[in-house]
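Chain by chain, the residues run as shown.
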Amino acid sequence: MRFPLALTAKIAKHIIKHKVLRTPKFALVLQLEPLHTCNLTCTGCGRIREYSTSLKDMMSLEDCLESATECDAPMVSICGGEPLIYPKIEELVNGILAQGRIVYICTNGMFMRKKMRDYLASIYAPEVEPKLAKLLEEKLITDKEAGEIRKGHKDNRAVIKPSKWQYWNVHIDGLEYTHDLIVEREGVFQECVLAVKMAKLLGYQVATNTTVYKETDVKELEQMFEFFSSLEVDGHTISPGYEYDAAKKDMVKRLHKQPEDFFLTRKMTREKFAKIEEWGERFTIFGTTVYQEFLAGKRELTCTAWAIPTRNVKGWKAPCYLMTDGHYPHYQEMLAKVDWNKYGVVDGVARDPRCENCMVHCGYDPSGALGTNYQPGDTWKNIKYNFSPKPKPYSAGARVDAFNGVSVGKGHLAEARAAINSPRAAMNGAQSAFSRREEPHTEGGGCGTGDTSQRDDLLGKIAVDKKNQP
Ligand code: SF4
Ligand code: SF4
């Protein structure tokens, strides 16, 4: 079947339980942001911008675990910021798994291989040697790293192990050229590919997580799916980019771009996602068929943002992952106090102007699963999609020209400078990558302003802390 039975059954059981109990609103997925610090400064990321004053703040491990218990979502997506920077990420992942929930670690991929080497060191025994030999052959670890793994861990520190209940969800916004420019750093795509390969070799489950922007080339998206399908990833999350306030302001101020040149309107989203059902046949696209129909413009849905709540250092963020009208200390309090009828788009009319162009998965994917705007046949469609055979890996995807131009050793800087005035480079953020360095820093803030001092300070402290660990 397309998705693992145990996972599908867990989510179905949760929905049925609340339907029987007639619970008016409940959580399906918790978006947990233990911190907002990130090692990257992607163009279009509102997170590091909106919370640029709280980069040094982190949720405690206890708060994180308590949040999952509090909303009781069967699935927890650990995001951020970059969650692998969180000093207790291993304990957090294991704690949520111990609560019987499904875990997605939404990562930019840069620290994944380190975490997997930690896992290998924790289980090191002579029987691991064939695996190390394979990793060395594929150049996924170096001789030095193999030596470190062979030393093993002398303590019982927590590690992130492969589990059928857990996915690495790796941020990939295109092939190498596009991705590295959007994340504003060379070599990131290459590292993500190495991390995905290593994860698959070690038996982890891996998904990719893609945001589609106005200038995203649909053909390139298909090639990206083909390429990652050839690496046998387990699925893909895909969502339209939303023009939320923090990202919009950054775009105007730092990048001197108009948001409408980058983010999608509803009409554009429908055009970009016109083929999503076809993609769903060829690749393991996560989400319901009902949500896919919505993205393709075949039907309307009502936003159910309360079903994918966001918890961060300030509390439960309302009304949704993207918009912030307040933070609440408890999930139930947020459910009770927010006037949910003020948000979303109903019959093509935005109840709140900020919702007008939003079709993101965290607002509308649960609507498909929960039967909001139910139409006859929906349940059958969703069941059929879930239970139909998983699309086979697309081996010809290995021939995709994924490393298409800008990475370490290939003169990223020179190429990007040369391409800087091309419309494609501009849309992908090449301009921003360089104009950012030239701009004087005007106000105290985090990495979203181009000033990385807070982030570097925190990363430095974490590194020292780790070094001092017994
Ligand atoms: S990886 Fe990019 S999109 Fe993700 S939190 Fe960091 S800056 Fe934002
Ligand atoms: S439609 Fe829903 S998810 Fe989208 S911005 Fe509005 S409240 Fe948030």
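Predicted model, so just to flag it, every value in this text is computed and none were measured.

K.L.:
Got a minute to help me understand the site of ligand 1 in this structure?
P.N.:
Neighbouring ligand 1 are the residues Cys 38, Leu 40, Cys 42, Cys 45, Ile 48, Gly 81, Asn 108 and His 171. Here the shell around ligand 1 is composed, by residue class, of five nonpolar, three polar and no charged.

K.L.:
Explain a nonpolar patch on the surface to me, please; I cannot follow it from the model alone.
P.N.:
Together, Met 1, Leu 5, Trp 380, Ile 383 and Phe 387 make up an exposed nonpolar region whose accessible area comes to about 520 Å². Examined against the element boundaries, Phe 387 turns out to sit in helix H17 (residues 378-387). The exposure class assigned to Phe 387 is partly exposed, which follows from its relative accessible area of 45%.

K.L.:
How should the nonpolar core be read in this particular structure?
P.N.:
Where a protein is soluble and globular, its nonpolar side chains tend to be buried together. Counting 118 residues, the largest nonpolar core has Leu 92, Leu 120, Trp 168, Phe 228 and Ile 238 as its most contacted members. By residue number, the principal contributor to this core is helix H9 (residues 188-201), which donates eight residues. Non-local contacts of Ile 238, meaning those with residues more than four positions away in its chain, are made with Thr 210, Val 212, Leu 221, Phe 225, Phe 273, Ile 276, Trp 279 and Ile 285.

K.L.:
What am I meant to see in unusual backbone geometry here?
P.N.:
Note on backbone geometry: most residues besides glycine have negative phi, and most peptide bonds are trans. In this chain, Gly 80 is followed by Gly 81 through a cis amide linkage whose omega measures 10°. Cis peptide bonds are those with omega within 30 degrees of zero, and the linkage from Ala 318 to Pro 319 qualifies with 5°. Along the chain, Pro 319 falls in strand S8 (residues 315-319). Residue Arg 22 is not a glycine yet carries a positive backbone phi of 55°.

K.L.:
What is the right way to look at the site of ligand 2 in this model?
P.N.:
Near ligand 2, the surroundings consist of Tyr 242, Cys 303, Cys 320, Met 323, Tyr 343, Gly 344, Cys 355, Cys 358, Gly 363 and Tyr 364. Here the residues of the shell around ligand 2 sort into eight nonpolar, two polar and no charged.

Thresholds applied
- Residues numbered from 1 in each chain as written.
- Chains lettered and ligands numbered in written order.
- Predicted model: local features only at pLDDT ≥ 70, side-chain atom pairs only at ≥ 80, totals over all residues.
- Heavy atoms only, no water.
- Near = heavy atom within 4 Å.
- Nonpolar A, V, L, I, M, F, W, Y, C, P; charged D, E, K, R; others polar.
- Patch = residues over 30% accessible without salt bridge, like charges linked within 9 Å, V, L, I, M, F, W, Y side chains within 5 Å.
- Areas by Shrake-Rupley, 256 points an atom, 1.4 Å probe, with all protein chains shown as cover.
- Salt bridge = Lys/Arg side-chain N within 4 Å of Asp/Glu carboxyl O.
- Helix = DSSP H or I, 4+ residues; strand = E, 2+ residues; numbered from the N terminus.
- Buried < 20%, exposed > 50% of the residue type's maximum accessible area, 1.4 Å probe, protein only.
- Core = buried A, V, L, I, M, F, W, Y, C linked by side-chain atoms within 4.5 Å.
- Contact = heavy atoms within 4.5 Å.

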